[in-house]
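Chain by chain, the residues:
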There are 4 protein chains.
Amino acid sequence: MSLRVGMIGYKFMGKAHSNAYRALPMFFPKAAKPEMAVICGRDGQAVQEAADRFGWAESETDWRALIARDDIDIIDINAPSDAHKEIALAAAQAGKHIFCEKPLALSLKDAREMLQAAETAGIKHMTGFNYRFSPAVQLVKKLITSGRLGQIYHFRAWFLQDWILDPSFPLVWRLQKEIAGSGSHGDLGAHLIDLAHYLVGDLEEVIGMSETFIKERPLAAEMTGLSAKGSADGPKGEVTVDDATLFLSRFKNGALGSFEATRFAAGHRSTNAFEINGSLGSVRFDFERMNELEVYFTSDAEDVQGFRRVLATDPAHAYAEAWWPPGHTIGFEHTFIHEFLEFTTAIQENRQPEPSFADGVKCQAVLEAVDRSIAERRWVSISEM
Amino acid sequence: MSLRVGMIGYKFMGKAHSNAYRALPMFFPKAAKPEMAVICGRDGQAVQEAADRFGWAESETDWRALIARDDIDIIDINAPSDAHKEIALAAAQAGKHIFCEKPLALSLKDAREMLQAAETAGIKHMTGFNYRFSPAVQLVKKLITSGRLGQIYHFRAWFLQDWILDPSFPLVWRLQKEIAGSGSHGDLGAHLIDLAHYLVGDLEEVIGMSETFIKERPLAAEMTGLSAKGSADGPKGEVTVDDATLFLSRFKNGALGSFEATRFAAGHRSTNAFEINGSLGSVRFDFERMNELEVYFTSDAEDVQGFRRVLATDPAHAYAEAWWPPGHTIGFEHTFIHEFLEFTTAIQENRQPEPSFADGVKCQAVLEAVDRSIAERRWVSISEM
Amino acid sequence: MSLRVGMIGYKFMGKAHSNAYRALPMFFPKAAKPEMAVICGRDGQAVQEAADRFGWAESETDWRALIARDDIDIIDINAPSDAHKEIALAAAQAGKHIFCEKPLALSLKDAREMLQAAETAGIKHMTGFNYRFSPAVQLVKKLITSGRLGQIYHFRAWFLQDWILDPSFPLVWRLQKEIAGSGSHGDLGAHLIDLAHYLVGDLEEVIGMSETFIKERPLAAEMTGLSAKGSADGPKGEVTVDDATLFLSRFKNGALGSFEATRFAAGHRSTNAFEINGSLGSVRFDFERMNELEVYFTSDAEDVQGFRRVLATDPAHAYAEAWWPPGHTIGFEHTFIHEFLEFTTAIQENRQPEPSFADGVKCQAVLEAVDRSIAERRWVSISEM
Amino acid sequence: MSLRVGMIGYKFMGKAHSNAYRALPMFFPKAAKPEMAVICGRDGQAVQEAADRFGWAESETDWRALIARDDIDIIDINAPSDAHKEIALAAAQAGKHIFCEKPLALSLKDAREMLQAAETAGIKHMTGFNYRFSPAVQLVKKLITSGRLGQIYHFRAWFLQDWILDPSFPLVWRLQKEIAGSGSHGDLGAHLIDLAHYLVGDLEEVIGMSETFIKERPLAAEMTGLSAKGSADGPKGEVTVDDATLFLSRFKNGALGSFEATRFAAGHRSTNAFEINGSLGSVRFDFERMNELEVYFTSDAEDVQGFRRVLATDPAHAYAEAWWPPGHTIGFEHTFIHEFLEFTTAIQENRQPEPSFADGVKCQAVLEAVDRSIAERRWVSISEM
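Residues numbered from 1 in each chain as written. Chains lettered and ligands numbered in written order. Predicted model: local features only at pLDDT ≥ 70, side-chain atom pairs only at ≥ 80, totals over all residues. Heavy atoms only, no water.

### Structural notes on the overall build of chain A
The test is simple: We count a stretch as a helix when DSSP gives it H or I for four or more residues in a row; a strand needs E for two or more, and each element gets its number in order from the N terminus. Every radius of gyration here is taken over C-alpha atoms, with the globule rule written as 2.2 Å times N^0.38, N being the number of residues. Accessible area is worked out with a 1.4 Å probe on protein chains only. A residue is then buried under 20% of its type maximum, exposed over 50%, and partly exposed in between. In what follows, residue pairs with any heavy atoms lying within 4.5 Å of each other are defined as contacts. A 1.4 Å probe and the Shrake-Rupley method give the accessible areas. Residues count as covered only by the protein chains that appear here.
When helices and strands are tallied, chain A shows 10 helices and 17 strands. A compact globule built from 385 residues should have a C-alpha radius of gyration of about 21 Å, and chain A, at 21 Å, falls within 12% of that. With the principal axes as the frame, chain A shows a C-alpha extent of 65 × 55 × 40 Å. Residue burial in chain A is summarised as follows: out of 385 residues, 68% are buried. Restricting to contacts in chain A with at least 6 residues of sequence separation, those with at least 24 account for 70%. When the accessible surface of chain A is totalled, it reaches about 12,500 Å², and 48% of it is carbon and sulfur.

What follows is the structure, encoded as structure tokens:
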């Protein structure tokens, strides 16, 4: 089966997605094959360069025109977050399958509208929570599902970065609420929330706190994402998103959760980590060492109990046989390849892929519940949202 | 200078304190010398055995008689927590210097009464927050005080144990509120709170959550602390303390805090760990590797930035020259030796040791603020307490 | 510039090379572009499947026919080791640039013949020591070259695997001297030797020891490389290569070297690791955590000396800007992409790439010097070879 | 049972031994009790200060007079290495039990003479290889003895320090052959050799290499061991011991060994580490994290194979119940306490303690075999010695 893709967006995520489409047929030859048909962006020259570089057959500057085409099966949305909703609604109406990067939308209301449109249209839809697709995270899922960790008591997770630690780092779009929707909370915390949902289950209630440590920053000369430069002496603008957001939660199954997302953790370029403690064992994961999972079992012999460092590259581990011999590691980009494997396979098998828009909605509900808990300084039940 | 000690209590902490008194003159020969005069406990035979084993000159079963003696300079209280207050008040009235194990008391009210009594009596008083006295923690203190970490943004800490994970573990006194006062919160969380106070500063407000995962346990045949055995089939009693308590906090200086104490973290025998992120660097500490501190500086050259694993056994580190050559580690018990070095040195120098009863009170205020925040499901300001 | 490639071999290395050719234009768009023209192997059907899967325009079963074509610029040799020489000589004679997997040849004599043929032909030639191209290894090179580690005293390296630990693992071709040339020594040790040459310099003399722990193994039903299955009860054959080889060496610059290669290190799927100690600092590398380098400097402040864990994903690190933001890791396959970047760039710039056949020869000289030292139980000078 | 000790030596090792004697009755109350009777050294004032500080009843400046006393059961020799033999011979003749620090003697011949004298006298004798007595090393012993690691294939060990890395560090006695006997080889390598003997078995043959990187050093103004200061401009003297010694070996049971001892490994204050690979599993130990042992078993389930980090502080581990609850660590000095527990217990039980002088002799034989292999540039069989 071959699936023709039209992708809207061509920066960081566009590059990661393109690489995934290119790699899929080679490493997972039995899966449905994505054809890199059209890449779309507002700047015609830039998007054509991306087409040439990433290997897309055509480029396009009008996403509506792209969606109107008959020869496109999949719309992949990785444009800036504030454009997700409009594109997704149109794509659903046109009957295209949709892959949408996280955050699904800037608000829960919008996300729900997108989900409903997708369900009404009967298309396949997926939200881009790529970290689920690390082999080590798949191993966690398997250990929990099979009961090998027992009843889960604790989930603690933190996503720590430091790229805006310098107060002279400029006011890029990711620091502006009207474009980004949220700061560390929606950018980083969203991934932790999805992992919590996937691995432990639904949340019952939350309470959070957040802070913007640096309240004004130099206006950016150029808006180029993570590597922008500003002038310390020039004009400044207000940072309108959170630098850090923490929250506590109770899961419906009784587990306790602790979440922290920050861009002010010096020394952490991108530490996306969690630990889960159950009645029969524990696991620890850190995406900076994504090939590894630390695993503990209470059933080990008394004199040799301890966390094992499992390298998830053996044939017994998810995706491993598609790659390299045991002990030969993979990296960040591979999570996207596995993610699109799920997407194309689900289309092929005529089932909903996971995580779907429903998972994006669920994540958004928690994000907003945390926001409300911060604004109103109280515990907020997810069922309120 | 020689200081005659009367110690009340002879179990886990009595052993750790005795060892500290014995070691002090050998490793810190210039410090005031504690004389192990009298050890006191209710069971005459057991306490005499402890006297013989630990090296105390005399044993005693009546703590009032001990306090009444003229030849005692210091009263060391490490009896069960519910006895701290009465003994401390009497000892203060008798003009003895007092070392009291944490928790200082079962309530903030009691703790304040003890502090006032000590201040009225003009004695030296100390609360047993021993973890401050790890060389690596001293290094953190030095880095922060000297400004080498810059402004502090984050303090996150967790004290994880697993000794009651098995539901058939019996209902020992530490699981009964009327004796222990609190569960993981007062036992483990108290240490984290003191480290937060010591290293980062005072808290402004808190909000927490807690859980007792196993609500009933077998009655213990014998009450022998950590190693008790119960019968799974026998009668059960209610667990009246928390198995786990988590809370978020805001520090007065604007830093954000995250605290977690649990006895349900499989694989963690006693992980007492924290990380601090500042504007110029970060530190990470884990008491299971107490000789180490991980340190990051933003000022390192661009191509070699990373957390350093510092082994705090060099002459540049606190206490190190009293011990062994660089690279030769120390252990848990050494924190007590350093703690009593502070206590006897402060008496010799006629100054208050730190942490004093005031620190014990401050810790208790946070513990109770967290309890109130849990009971009332709202943020609680420390100034309320 | 576009370079048309004809690749001979399509198994493990063929897959890694194909992936590299595909990825190069996307991630390094300014480099000369390899065109995946022809893939060649003996089994017509299998090689056509590989062509389809990996993205080669044509397949071919006769490598001589491939070399005879006018429209091919590069011959990439990753067929079994015993075929390297004949193909390389023919390709050189035909004026093709040659990339040859390690080991360059089964003997030093053959390797020298290949080098001479390449030099005579005036072509560009490269030997596939891919580990050089890890960003963290590039950082080591930079630190040493710039003098930041000072004079080098020690190089110790070990490449540990465990895939043949089970005595019932069958007699695959890698365990047969006539095909593989060598066991752990040539397969794993060769990589360590090249890293030593690259990072520290030439060796003066060596002395080694080796062992074949399991001397007979079941004949393999199918010869499928690393994942073969044998029958414990069936006929057995003699293992004619080493299971483990260790050697000591003295470098020409006075440093001391220790090398160990084994396939009998339980728990090590593929630990390719080294440590270098210099007068001003040290580094440690382990390919299982290939994105990391541990670095120590004697010049650090006295109270914060320790090995730093540097994540080589910052813009200051080699290749990093082509990939993902800081903290987002890469994997095994990326070493090949960087390797072919060097190869195509060197061709474009009309200079010899490194490592060239000369490095392959140098490695082979050490491998054979070690073999001789084992056979004759004496120190062997590299200049003897 | 009470055993009166006369100890000769009062510096680094004298301090460690004194601490052990003091701690034994408290932590191991059922063991024979050492009485700290007499401490002996040449400098009367210094040794009296040591007596006061360490808790010895008397001091003495004439070791012959000490040995001549009737009221002494044990002679503990930790004077400089060149004095061991004479003292030991006299003590044996006087019928005293002898504990002698390593190296037992400056030569194999002397060591054998000491062993023979001890055996002739029928006394108990012990050599101070303290690292055997780490709980984690005891766990290794247990795992190997019980067959849980299977047949041993590899032992690799390194003892890395950096205290003389600076060329201006002065010519202390440890760098002078006539006093110290040897450099890194005898000081550090000796410990590795003893661990190899204890854990894996006897060696068959060895071949080594060594180097003195800094051949001349400033004469030390004061000879104060590890912390001496020299003047870079003043007179220099020749370093007559090795800075680093490496050797390969074959064990009698067929295992391969790799040993490295150096004082030129920047960043390593005292890394005493080894790894052992067997047919059923592997273990890794590093004395800088002495409470931990990494353990791997081939029998673990396929999807969770990996090295476990075992904290050897559970009741299932050696000595642990004498100390603190699980997760509470011990340090360097505890190895000596356990060592003297073995010594006094063996005397009480009327059996030879281990390691005895025979182990000291066996270690010395390997040290000298390595020296000979270096001098003669050939493999040397231990049976030659």
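### Quick word on the interface of chain A and chain B
We apply this condition: Buried area is a sum: the accessible area each of two parts loses on coming together, probed at 1.4 Å, counted once for each and added. Salt-bridge detection follows one rule: a side-chain nitrogen of Lys or Arg within 4 Å of a carboxyl oxygen of Asp or Glu. For this analysis, a polar contact is any N or O atom pair within 3.5 Å, provided that within protein one partner can donate a hydrogen and the other can accept it, and provided that sequence-adjacent residues contribute only side-chain to side-chain pairs. Under the scheme applied, nonpolar residues are Ala, Val, Leu, Ile, Met, Phe, Trp, Tyr, Cys and Pro; charged residues are Asp, Glu, Lys and Arg; polar residues are all the others, including Gly.
Contacts between chain A and chain B engage 45 residues on the former and 45 residues on the latter. On the chain A side of the contact with chain B, Y153, M209 and R377 of chain A bury the most area, a combined 17% of that side's loss. Our count for the contact surface shared by chain A and chain B stands at 6 salt bridges. Between R156 of chain B and E260 of chain A there is a salt bridge, with its nearest N and O atoms 2.8 Å apart. Counting across the interface, chain A meets chain B through 20 residue pairs in polar contact (both at pLDDT 80 or more). Counting residues per element, the ones that place at least two in the side of chain A that touches chain B are strand 7 (152-160), strand 8 (203-211), strand 11 (244-251), strand 12 (256-262), strand 13 (271-278) and strand 14 (281-286) of chain A. Counted by class, the side of chain A that touches chain B contains 18 nonpolar, 17 polar and 10 charged residues.

### Comments concerning the interface of chain D and chain B
Each partner contributes to the interface: chain D provides 38 residues, whereas chain B provides 38 residues. Each partner contributes to the roughly 3,500 Å² buried at the junction of chain D and chain B, and carbon and sulfur atoms together form 54% of this total. At the junction of chain D and chain B, the tally comes to 6 salt bridges. Where R289 of chain D meets E292 of chain B, a salt bridge forms, and the shortest distance between an N and an O atom there is 2.7 Å. Among the secondary structure elements, those contributing two or more residues to the side of chain D that touches chain B are helix 1 (12-27), helix 2 (44-54), strand 16 (306-311) and helix 9 (332-348) of chain D. Here the side of chain D that touches chain B is built from residues that sort into 19 nonpolar, 8 polar and 11 charged.

### Quick notes on the relation of the copies chain A and chain B
The line we're drawing: Least-squares fitting of one copy onto the other uses the C-alpha atoms of those residues that reach a pLDDT of at least 70 in both copies.
Expressed as a screw operation, the relation of chain A to chain B combines 0.0 Å of axial shift with a rotation of 180 degrees, fitting to an RMSD of 0.0 Å. The transformation just described matches what one would write down for a two-fold rotation axis. Of the C-alpha atoms belonging to chain A, the one lying closest to the rotation axis is found on R378 of chain A, 2.8 Å away. A shared binding surface is used by both copies, with 100% of the interface residues of chain A retained as interface residues in chain B.

### What about the domain arrangement of chain A?
All names here are of chain A. Let me state the cut-off plainly: In this document the domain limits rely on a domain assignment from an automatic tool or a database.
Domain boundaries in chain A define domain 1 (2-131) and domain 2 (135-289 + 291-330 + 363-376). The C-alpha-based centres of domain 1 and domain 2 are spaced at 25 Å. With 16 residues of domain 1 at the interface, the matching set in domain 2 holds 23 residues. Summed over both partners, the interface of domain 1 with domain 2 comes to about 1,700 Å²; 68% of that surface belongs to carbon and sulfur atoms. Considering only the surface of domain 1 that becomes buried against domain 2, F27, F129 and Y131 emerge as the three largest contributors, covering 43% of it. In this structure, the connection of domain 1 to domain 2 is made through 1 salt bridge.

### Notes on the sheet that holds strand 4 (residues 74-77) of chain B
All names here are of chain B. Worth spelling out the cut-off: Two strands make a pair as long as DSSP finds a minimum of two bridges between them. Structural elements are reduced to axes, namely lines fitted to C-alpha atoms, with helices fitted over the stretch in contact, and the angle between N-to-C directions of any two is expressed from 0 to 180 degrees.
The strand order across the open sheet built from 6 strands is 3-2-1-4-5-6, with neighbouring strands paired in parallel fashion. With one partner strand each, in any of the chains shown, strand 3 (58-60) and strand 6 (125-128) form the two edges of the open sheet. With strand direction ignored, the average angle separating the axes of adjacent strands in the sheet is 25 degrees. Bridge count for strand 2 (residues 33-40) against strand 3 is 3 bridges, and the pairing is parallel. Bridging across to strand 3, I39 finds its partner in S59. Where helix 10 (residues 357-376) meets the sheet, its contacts fall on strand 5 (97-101) and strand 6, and the angle it forms with strand 6 comes to roughly 45 degrees.

### Concerning the side chain of S249 of chain B
Mapped onto the elements of the fold, S249 of chain B is located in strand 11 (residues 244-251). Owing to a relative accessible area of 0%, S249 of chain B belongs among the buried residues under this scheme. Sequence-distant contacts of S249 of chain B, that is, excluding residues within four places in its chain, are made with M209 of chain A together with L203, E205, V206, A255, L256, G257, F259 and W379 of chain B.

### A closer look at the relation of the copies chain D and chain B
Least-squares fitting of chain D to chain B yields an RMSD of 0.0 Å, with the superposition described by an axial translation of 0.0 Å and a rotation of 180 degrees. A symmetric contact is evident, with 100% of the interface residues of chain D recurring at the interface of chain B.

### Description of the packing of helix 1 (residues 12-27) of chain C against helix 9 (residues 332-348) of chain C
Helix-helix packing: each pair is described by the crossing angle between the helix axes and the interaxial distance. Residue and element names in this part refer to chain C. Note the threshold: Each helix crossing is assigned a hand: it is left-handed if the near helix lies turned anticlockwise from the far helix by less than a right angle, otherwise right-handed if that turn is clockwise.
Here helix 1 crosses helix 9 at 65 degrees, and the two axes come no closer than 8 Å. Two packed elements cross with a definite hand, and for helix 1 against helix 9 that hand is right-handed. On helix 9, the residues touching F12, M13, A16, H17, N19, A20, Y21, A23 and L24 of helix 1 are F332, E333, F336, I337, F340, L341 and T344.

### What to know about the sheet that holds strand 1 (residues 2-8) of chain A
Residues and elements named next belong to chain A. Strand order in the open sheet formed by 6 strands is 3-2-1-4-5-6, with parallel pairing between adjacent strands. Each edge of the open sheet carries a strand with a single partner, namely strand 3 (58-60) and strand 6 (125-128). The mean angle between the axes of side-by-side strands here comes to 25 degrees, regardless of whether they run parallel or antiparallel. Sheet topology note: the strand 4 (residues 74-77)/strand 5 (residues 97-101) ladder contains 4 bridges and is parallel. Of the residues in strand 5, the one forming a bridge with I77 is C100. Across the face of the sheet, helix 1 (residues 12-27) comes into contact with strand 1, strand 2 (33-40), strand 4 and strand 5 while running at roughly 150 degrees to strand 2.

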